[in-house]
Amino acid sequence: MKLYNGGKIITGLVIFLGIFLTPLAYNAGKAAYTQPKLKMPENEKQCVESKEFMRTQHMQLLNEWRDFALRDGKRVYVNSKGKEFEMSLQKTCMKCHTNKAEFCDKCHNDAAVTPYCWDCHIQPEGLKK
Amino acid sequence: MNHTRRNFLKFAGLTAAGLCVASAGSIMAAGAGATEKVSEKALKAKRWAMVIDTKKVGTKEAIDVLAKACHAAHNVPDIPGKQNVKWLWADGFEQAFDQPNNFMDESLEKRQFALLCNHCTNASCVRVCPTQATYKRPDGIVAMDYHRCIGCRYCMAACPFGARSFNFMEPRLHLDLTKLNKEFPTRMRGVVEKCNFCVELLAQGKQPACVEASAGALVFGDLSDPASEVRKVLREHYTIRRKPALGTEPSVYYII
């Protein structure tokens, strides 16, 4: 078998693989990604729903809360265990999670998402000029 | 079993359907059992309305007290110039009622009127909003969902009462950030805002902020209930509404 233009092809492949694998080489030997340590509320052990549910679906939950509270006037959320909460980001969520920087931002930064909640809602640590 | 194409397709179809049901089921199960309801404390009505006794609050100073209470409760900025944001403000008879009169009695000529969103039954702002950011609640309140507002300002053009303000700039630049009401959000640049009849206070069983601050000059209640306080006041006094000829049916009444 003869490889036409073999030299060029193999050089090209080596260069391509080299560039393609740089991220791996760059990160070799570094610690694996770990989930950020969040500052959990001190007085409360259980969130509105389970930890797994909140971790994956809090955004959908907040969207539903917004529509129920604003449009239907239903402002009380009864969770799957029958406990009642007021549907409010500032009055319910942030009363326990009293620090946006130590809670929300940590995962959002790692996941490179920038939700616009705080363009209007006031974070519990207050606003600075 | 015969390995026919027909059997293969049946099996593939059933597998696909099974996978769909299983994944949908797991998603549904995650939030299962949660419900939502109206708070027991909440004040309820078929149609909220307000009556303003302009004999009692008829000066700029008196109305400023109401406006201050409202604007503090809702984090409304005070921006100097034409780009100010206002939920409640004062203006004269001619501006308020569109009925100029050359020979008006002196007290009425000088009187100021507290103006706010009228929460019209046929609200023109609700009709024109392309995103349904402004909507009519079943209790008659014309409310806004600022998440949805795209800042097109159709509602401002449609409102005959000038009750809406646009955030031409970041409102937080003009708010005292140390004195914010942390129970209520601010707005952001590029959305329209207006009075919400204190829907968040009604849900807690409280009266609107301006009514609380008015020492009885403002009455708030259910227009559809003949025994309510507003209906009693309306029976006993001569009242007018702003621009009734437009047919929007305002819910704010003025005792003259």
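Residues numbered from 1 in each chain as written. Chains lettered and ligands numbered in written order. Predicted model: local features only at pLDDT ≥ 70, side-chain atom pairs only at ≥ 80, totals over all residues.

Asks: Can you walk me through the overall build of chain B in this structure?
Replies: What chain B contains, in helices and strands, is 9 helices and 11 strands. Over its C-alpha trace chain B gives a radius of gyration of 25 Å, far above what one expects of a compact globule, namely 18 Å for 256 residues. Once the C-alpha set of chain B is aligned to its principal axes, its extents read approximately 100 × 45 × 35 Å. When burial is assessed residue by residue, chain B has 36% of its 256 residues classed as buried. (Helix = DSSP H or I, 4+ residues; strand = E, 2+ residues; numbered from the N terminus. Rg over C-alpha atoms; globule rule 2.2 N^0.38 Å. Buried ≥ 20, exposed ≤ 12 C-beta atoms within 10 Å, placed from the backbone.)

Asks: Help me out: how do you make sense of the overall build of chain A in this one?
Replies: Scanning chain A from N- to C-terminus turns up 4 helices and 2 strands. In chain A, the order of α-helices and β-strands from amino to carboxyl end is α-α-β-β-α-α. Taking 14 Å as the expected radius of gyration for a compact globule of 129 residues, we find that chain A reaches 24 Å, considerably beyond that expectation. Summarising its shape, the C-alpha atoms of chain A cover approximately 75 × 35 × 30 Å along the three principal directions. Counting all 129 residues of chain A, 11% fall into the buried class. Taking all contacts inside chain A whose residues are at least 6 apart in sequence as the whole, residues at least 24 apart take part in 54%. (Contact = placed C-beta atoms within 7 Å.)

Asks: Sorry, what's going on with the environment of E212 of chain B here?
Replies: Residues and elements named next belong to chain B. Within the secondary structure, E212 sits in helix 8 (residues 209-213). Taking the number of C-beta atoms within 10 Å as the measure of exposure, E212 has 17 and is therefore partly exposed. In sequence terms E212 and A69 are 143 residues apart; their C-alpha atoms lie 8.6 Å from each other.

Asks: Just checking my understanding: could you explain the interface of chain A and chain B for this structure?
Replies: Interface size is commonly expressed as the accessible surface area that is lost when the partners come together. Taken together, the 24 residues of chain A in the interface contact 26 residues of chain B. Elements that contribute at least two residues to the side of chain A that touches chain B include exactly helix 2 (51-72), strand 1 (76-78) and helix 3 (89-96) of chain A. Per-element accounting of the side of chain A that touches chain B gives the leading share, 6 residues, to helix 2 of chain A. When its residues are assigned to classes, the side of chain A that touches chain B shows 9 nonpolar, 7 polar and 8 charged. (Nonpolar A, V, L, I, M, F, W, Y, C, P; charged D, E, K, R; others polar.)

Asks: Before we go on, may I ask you to explain the environment of N122 of chain B in this structure?
Replies: Residues and elements named next belong to chain B. Of note, N122 is situated in the loop between strand 4 (113-116) and helix 5 (124-128). Distance from N122 to G247, taken between C-alpha atoms, is 7.3 Å for residues 125 residues apart in sequence. Not counting the four nearest positions on each side in its chain, N122 is found in contact with G247, T248 and E249.

Asks: Explanation requested: the environment of V78 of chain A in the structure shown.
Replies: Here V78 of chain A is to be found in strand 1. The partly exposed category is assigned to V78 of chain A, around which 14 C-beta atoms lie within 10 Å. Residues V78 of chain A and L127 of chain A, spaced 49 residues apart in sequence, show a C-alpha to C-alpha distance of 31 Å. Setting aside residues up to four positions removed in sequence, V78 of chain A forms contacts with E84 of chain A together with A34, T35, E36 and K37 of chain B.

Asks: What should I look at first to understand the sheet that holds strand 2 (residues 84-86) of chain A in this one?
Replies: One key point about sheets: their strands pair by backbone hydrogen bonds, in either a parallel or an antiparallel sense. Read across the open sheet, the 3 strands follow the order 2(A)-1(A)-1(B); overall the sheet is antiparallel. Each edge of the open sheet carries a strand with a single partner, namely strand 2 of chain A together with strand 1 (35-37) of chain B. When strand polarity is set aside, the average angle formed by the axes of neighbouring strands in this sheet is 30°. Pairing of strand 1 of chain A with strand 1 of chain B involves 3 bridges; the strand directions are antiparallel. Each residue of the ladder has a partner; that of Y77 of chain A, found in strand 1 of chain B, is E36 of chain B. (Pairing = 2+ DSSP bridges. Axes fitted to C-alpha atoms, helices over the stretch in contact; angles between N-to-C directions.)

Asks: Please clarify how the sheet that holds strand 10 (residues 239-240) of chain B should be interpreted in this entry.
Replies: Residues and elements named next belong to chain B. Overall, mixed pairing links the 4 strands, which are arranged 9-2-11-10 in an open sheet. The open sheet terminates on both sides in strands that have one partner only, identified here as strand 9 (218-222) and strand 10. Both strand 2 (residues 48-53) and strand 9 contribute to a ladder of 5 bridges, which runs antiparallel. Looking at the pairing, W48 lines up with D222 of strand 9. Helix 9 (residues 229-236) rests against strand 2, strand 9, strand 10 and strand 11 (252-255) of the sheet, and its axis sits at about 120° to strand 9.

Asks: Whenever I open this one, the nonpolar core confuses me. Can you help?
Replies: The tendency in soluble globular proteins is for nonpolar side chains to be buried side by side. Ranked by size, the top nonpolar core spans 67 residues in total, and within it L66, L88, A114 and L116 of chain B carry the most contacts. Leave out the neighbours within four places in its chain, and L116 of chain B touches W87, L88, A163, C195 and V252 of chain B. (Core = buried A, V, L, I, M, F, W, Y, C linked by C-beta atoms within 7 Å.)

Asks: How should I be thinking about the confidence of the model for chain B in this particular structure?
Replies: Detailed reading of predicted coordinates is not advised where the pLDDT is low. Considering every residue of chain B, the mean pLDDT works out to 93; 96% of them sit at 70 or more. Here the predicted complex scores 0.84 on pTM and 0.84 on ipTM. (pLDDT = per-residue confidence, 0-100.)

Asks: Explain the pairing of strand 11 of chain B here, please?
Replies: The two faces of the sheet receive side chains in turn, since in a regular strand these alternate between them. All names here are of chain B. In this sheet, strand 11 lies alongside strand 2 in parallel orientation, the contact comprising 4 bridges. Across the sheet, M50 pairs through a bridge with V252, a residue of strand 11. Alignment of strand 10 against strand 11, held across 2 bridges, turns out to be antiparallel. Residue pairing across strands places T239 opposite I255, the latter belonging to strand 11.

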